[in-house]
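What follows is the residue order along each chain.
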Amino acid sequence: MTRPRRLLMTTDAVGGVWSYSLELAAGLAAEDVETVLVVLGPQPSVDQVAEAAAVPGLGLVTPGLGLEWQDRQPLGSAEARLLRTLERAFAPDVVHVNGFREAACGWRAPVVLVAHSCVRSWWRACRGCEPPAHDWADYTAGVRAGLAAADAIVAPTAAFLGELQRLYGPLSNARTIHNGRVPPLPRTRRRPFVLAAGRLWDEAKNVAALAEIADGLSWPVLVAGESAGVQGAQSLVQLGRLPQSELLRRMAEAGIFVSPARYEPFGLAILEAAAAGAALVLADLPTLRELWDGAARFVPPNDSAALRTVLQRLIDDEPARRSLQEAARHRARRYGPAPMVAGYLKLYGELSAGDGSGRAAAA
């Protein structure tokens, strides 16, 4: 099988895709694959640039292009030309896009599209309906164009891949490759608090549900993430947005990590907390069941009473909590970087062995 030597990957510095991209790039570097990251959307922070600099041989490009779920418009001809110019300069064996519309910009190399989430599935999970067509028609068209243009499609869970197929129809050469992560964990002592991570205003993360029950728990509930404008958030200990190293320290200290999400295609923060040895209390979603069944306690995402009951029982039952902590830590080893990197190397090799010369002509 052909081994790729150069990879061009799009990413963003907004959420978990950034950590995923760096973890994959580091694993590929160990296999002598050189990666250039093209960062779309807001510029990476100083801390994020330092994280990228720690990955051997990683190149970082910030062309100033928007994120598809923010500007929603089709990729313009000037933006597409800029991405193709970067491809010509770097000459990758494979292009890996962590979004949809960039897959359809006319790449010459084979294209892997990784679907981490999509607005349409988010809207259905969080609001029970389709997104308004007058606002999201261009975005949806970009999703469809990207899926059609990609040579291979990857989702981080089989459950989310199934959701994509229900929404957009059968997808050729689609597969599941679980995300992988081994965070650098500090040595610290376990402490009596419940931790959550996520933007409080994000309906998908549903962290605001914890504000309804925090006062009734015997442990404090700490939340890392932006919290502006959320009613009732006074009952939570708000940590604000933390650097990755500080968030990992809190995870290593937490007795319990809770995620009452309404929508979570994978949940990288959950994996990090599990690797840190926190007991997991998770929303009962098909994606999270796929990953953590038998290693977490599950509650319906909109049942505050059940959430309070499960959390307080774990707080009161130290042996059960310790057992769940060990189960989470053990399960997290299943989702390390090695199987993720092996899965992508296999896929890249399959694609780079083919002939993608017809793609540019078709585009």
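Residues numbered from 1 in each chain as written. Predicted model: local features only at pLDDT ≥ 70, side-chain atom pairs only at ≥ 80, totals over all residues. Heavy atoms only, no water.

Tallying secondary structure elements over the chain gives 15 helices and 13 strands in all. For 363 residues, the compact-globule estimate of 2.2 N^0.38 gives 21 Å, and the chain sits close to it at 21 Å. For the chain, the spread of C-alpha atoms along the principal axes amounts to about 65 × 45 × 35 Å. Classification of the 363 residues of the chain by burial places 55% in the buried group. The long-range share in the chain, meaning contacts at least 24 apart out of those at least 6 apart in sequence, stands at 69%. Total accessible area on the chain is roughly 15,300 Å²; 51% of this is exposed by carbon and sulfur atoms. On the chain, the mean spot of the 38 positive side-chain charges and the mean spot of the 37 negative ones are 3 Å from each other. (Helix = DSSP H or I, 4+ residues; strand = E, 2+ residues; numbered from the N terminus. Rg over C-alpha atoms; globule rule 2.2 N^0.38 Å. Buried < 20%, exposed > 50% of the residue type's maximum accessible area, 1.4 Å probe, protein only. Contact = heavy atoms within 4.5 Å. Areas by Shrake-Rupley, 256 points an atom, 1.4 Å probe, with all protein chains shown as cover. Lys, Arg positive; Asp, Glu negative; His and termini not counted. Charge placed at Lys NZ, Arg CZ, Asp CG, Glu CD.)

To continue, consider the pattern of salt bridges. Oppositely charged side chains can form a pair if their charged atoms are brought close together. A complete count under the given rule lists 21 salt bridges for this structure. Between arginine 101 and glutamate 102 there is a salt bridge, with its nearest N and O atoms 3.3 Å apart. In this pair, the class of arginine 101 matches that of glutamate 102, namely buried. Between arginine 181 and glutamate 272 there is a salt bridge whose closest N-O contact spans 2.8 Å. Residue arginine 181 is found in the loop between strand 7 (174–176) and strand 8 (191–197), and its partner glutamate 272 is found in helix 10 (residues 268–275); the two are separated by 91 residues along the sequence. Glutamate 272 shares its class with arginine 181; the two are buried. Through salt bridges with shared partners, one network takes in Arg120, Arg124, Glu130, Glu163 and Arg166. (Salt bridge = Lys/Arg side-chain N within 4 Å of Asp/Glu carboxyl O.)

So, on to the confidence of the model for the chain. In low-pLDDT regions, the fine details of the predicted coordinates are not to be read closely. Summing up the model confidence of the chain, the mean pLDDT is 91 and the portion of residues at 70 or higher is 95%. Counted against residues more than four places away or in other chains, residues 356–363, with its pLDDT under 50, gives 11 contacts. (pLDDT = per-residue confidence, 0-100.)

Attention now goes to the packing of helix 5 (residues 119–127) against helix 7 (residues 158–168). Between helix 5 and helix 7, the shortest axis-to-axis distance is 10 Å and the interhelical angle comes to 100°. Between helix 5 and helix 7, the angle is such that the two are roughly perpendicular. Every residue of helix 7 that contacts helix 5 at Arg120, Ser121 and Arg124 is listed here: Phe160, Glu163, Leu167 and Tyr168. (Axes fitted to C-alpha atoms, helices over the stretch in contact; angles between N-to-C directions. Parallel < 35°, antiparallel > 145°, perpendicular 65-115°, else oblique.)

Looking now at the packing of aromatic side chains. By convention here, two paired aromatic rings are described through the distance between centres and the angle between planes. Taken as a whole and judged by the stated rule, the model has 7 aromatic pairs. Seen in terms of ring centroids, tyrosine 20 and tyrosine 344 are 6.4 Å apart; in terms of plane orientation they differ by 70°. Their pairing is edge-to-face. Remark: tyrosine 344 occurs in helix 14 (residues 337–352) and tyrosine 20 occurs in helix 1 (residues 16–29); sequence separation between them is 324 residues. This pair shows no difference in class: tyrosine 20 is buried, exactly as tyrosine 344 is. Each residue in the set Trp122, Trp123, Trp136 and Tyr139 is aromatic and connected to the rest through ring pairs, giving one cluster. In this structure, arginine 120 packs its charged tip against the face of tyrosine 168, placed 5.4 Å from the ring centre. (Phe/Tyr/Trp six-rings, centres within 6.5 Å; stacked < 30°, edge-to-face > 60°. Lys NZ or Arg CZ within 6 Å of the ring centre and 35° of its normal.)

Once that is clear, we can look at the nonpolar core. Judged by nonpolar contacts, the single largest core of 64 residues is most densely connected at Leu24, Phe257, Leu280, Trp292 and Tyr344. With sequence-adjacent residues up to four places away left out, leucine 24 is seen in contact with Met9, His96, Met340, Val341, Tyr344 and Tyr348. If you look at the next biggest cluster of nonpolar residues, it comprises 40 residues, including Leu86, Val95, Leu113 and Tyr139. (Core = buried A, V, L, I, M, F, W, Y, C linked by side-chain atoms within 4.5 Å.)

Here we come to the sheet that holds strand 2 (residues 34–40). Taken together, the 7 strands give an open sheet; going across it, the order is 3-2-1-4-5-6-7, and neighbouring strands pair in parallel fashion. On the outer flanks of this sheet lie strand 3 (59–61) and strand 7, each paired with one strand and no other. When the angles between neighbouring strand axes are averaged without regard to direction, this sheet yields 20°. Sheet topology places strand 1 (residues 6–12) next to strand 2; 7 bridges connect them, and they run parallel. Note on strand 2: the bridge partner recorded for arginine 6 is glutamate 34. Docked against the sheet, helix 14 engages strand 1, strand 4 (94–97), strand 5 (111–114), strand 6 (152–155) and strand 7, running at close to 145° with respect to strand 5. (Pairing = 2+ DSSP bridges.)

A few words now on the sheet that holds strand 10 (residues 237–240). Sheet strands pair via backbone hydrogen bonds, and the direction of the pair is either parallel or antiparallel. If you walk across this open sheet you meet the 6 strands as 10-9-8-11-12-13, and the pairing is parallel. In this open sheet, the two edge strands, each paired with only one partner strand, are strand 10 and strand 13 (297–299). Sheet twist, expressed as the mean angle between neighbouring strand axes with direction ignored, is 25°. Sheet topology note: the strand 8/strand 11 (residues 254–259) ladder contains 3 bridges and is parallel. Bridged to valine 194 within strand 11 is isoleucine 256. Sheet strands in contact with helix 13 (residues 318–332) are strand 11, strand 12 (279–283) and strand 13, and its direction is about 80° off that of strand 12.

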